[in-house]
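In case you want the letters, here they are:
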Amino acid sequence: MENKIRQIKQSFEEDLRAALPTGRLADIRIKYLSRRQGMIPSLLQEFRGLPSEQKPAIGRSLNHLKQHIEEEIRKGENHARTADRFRPQEDFDITLPGVPPALGSIHPISQIQEILEGIFLEMGYSIEEGPEVETDFYNFEALHMPKDHPARDMQDTFYLPGGLLLRTHTSPVQIRTMKKQRPPLKIIAPGKAFRRDSDISHSPMFHQLEGLVVDEGITFGDLKGTLEHLCRAVFDEGTRVRLRPSYFPFVEPGAEYDISCLVCDGKGCRSCGSTGWLEMGGAGMVHPEVFRTVGLDPEKFSGFAFGLGIDRIAMLRYGIDDIRLFFENDIRFLRQIQDCGGY
Ligand code: PHE
């Protein structure tokens, strides 16, 4: 009897090991537990005929075995039920390649910004940042913009409660940088700017890149050379740069700079309004008054500053004629730009 119990236990373990992965335990349940043909009930039958002195010990092993088998089958069935819930409805080929996750791409404006940053980092500039919500002091006052300057008009500037405003250009970063670092300074400050303006060439939120160099002996020639290098690096080697006298309260002398038209190379076409030139941005020598405001001696230091529109460069580069397209984030538009390969 003891032997039989051991053998049944062993054969049960083997059957169980074979059945578990398939989840089909009904057959083993019948083989071991069914009342009519199961091995355990027939063992119990046999047990009844044993001499009574053998009964306690054998009874214990028999009971153990029965409990063990019931318990294992129950566990196996539970497990199979849970696994079933996660089993795909149909058989499938697990060696098939999966569905690739959809990947986004870098926004065209960010791509241009990264290219511009690369050009300046190569020249030893560092990158500065400033807040988009500014005070009147940094956005206007320190930049020598008088109270009646047209740019301070409610028409042009988003004013916020508490005397704050959304910066109308990246030039306040010039002031913040000069206040916290002593020359020599060579920085760019790319970022968002805001103006109450919206048409095909203006968006209420747009991107500028500010440049500022301050040291002893910086000249207008340095400014011109820097702008020429910049424009040739962004567009192509043959690009010509032209400076026109202009007025910005925080630079003296001030200028606007243009590049030879990328479409007609200066001959005059629709893109450049027949002038042969495309406007790029403003620039000039840091005004002595600005130096005094930040506590630098204008007799000792000189410097230049320039600004450019990142969105405008992106428009030229990708041949886009409506700036607002960049910010509507229509996936079809972004995809087209991505497909044209970027730079
Ligand atoms: N901040 C000026 C603008 O937004 C551009 C500029 C920058 C001009 C630096 C001169 C020097 O129009």
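Above this note sits the structure.
About the cut-offs
Residues numbered from 1 in each chain as written. Predicted model: local features only at pLDDT ≥ 70, side-chain atom pairs only at ≥ 80, totals over all residues. Heavy atoms only, no water. Helix = DSSP H or I, 4+ residues; strand = E, 2+ residues; numbered from the N terminus. Rg over C-alpha atoms; globule rule 2.2 N^0.38 Å. Buried < 20%, exposed > 50% of the residue type's maximum accessible area, 1.4 Å probe, protein only. Contact = heavy atoms within 4.5 Å. Areas by Shrake-Rupley, 256 points an atom, 1.4 Å probe, with all protein chains shown as cover. Pairing = 2+ DSSP bridges.

Visitor: Help me understand the overall build of the protein chain in this model?
Guide: When you go through the protein chain residue by residue, the secondary structure sums to 12 helices and 10 strands. Relative to its length of 343 residues, the protein chain is extended, with a C-alpha radius of gyration of 40 Å against a globular reference of 20 Å. Structurally, the protein chain occupies a C-alpha span of about 120 × 45 × 40 Å along its principal axes. By the burial criterion, 41% of the 343 residues in the protein chain qualify as buried. Long-range contacts, defined as pairs at least 24 residues apart, comprise 65% of the intrachain contacts of the protein chain with a sequence gap of at least 6. With the model as given, the accessible surface of the protein chain reaches about 19700 Å², and the carbon-plus-sulfur share is 51%.

Visitor: Explain the pairing of strand β7 (residues 241-246) to me, please; I cannot follow it from the model alone.
Guide: Each regular strand carries side chains that alternate between the two faces of the sheet. Here β7 runs beside strand β8 (residues 251-260); their pairing, made up of 6 bridges, is antiparallel. If you follow Arg242 over to β8, its bridge partner there is Asp258. Counted between consecutive antiparallel strands, the loop separating β7 from β8 contains 4 residues.

Visitor: What is the right way to look at unusual backbone geometry in this model?
Guide: The bulk of non-glycine residues show a negative phi, and the bulk of peptide bonds are trans. At the junction of Pro183 and Pro184, the peptide bond is cis and its omega measures out at 0 degrees in the coordinates. On the secondary structure map, Pro184 appears in the loop between α7 (172-180) and β5 (185-194). Along the chain, Glu252 connects to Pro253 via a cis peptide bond; the corresponding omega equals -5 degrees. Despite not being glycine, Asp265 shows a phi value in the positive range, around 55 degrees. Within the secondary structure, Asp265 sits in the loop between β8 and β9 (277-286). According to the relative accessible area criterion, Asp265 is partly exposed, its value standing at 45%. One non-glycine residue, Asn329, lies in positive phi territory at about 55 degrees. Summarising the element assignment, Asn329 is placed in the loop between α11 (325-328) and α12 (331-339).

Visitor: Just to check I follow, could you spell out the environment of Phe301 for this structure?
Guide: Counting through the fold element by element, Phe301 comes out in the loop between α9 (288-293) and β10 (302-309). On the basis of relative accessible area, Phe301 is assigned to the buried category, the value being 13%. In the structure, Phe301 is positioned 10 residues away from Phe291 in sequence and 8.3 Å away in space, judged by C-alpha atoms. Once residues lying within four places of it in the same chain are set aside, the contact partners of Phe301 are Pro183, Val214, Asp215, Glu216, Phe291 and Leu296.

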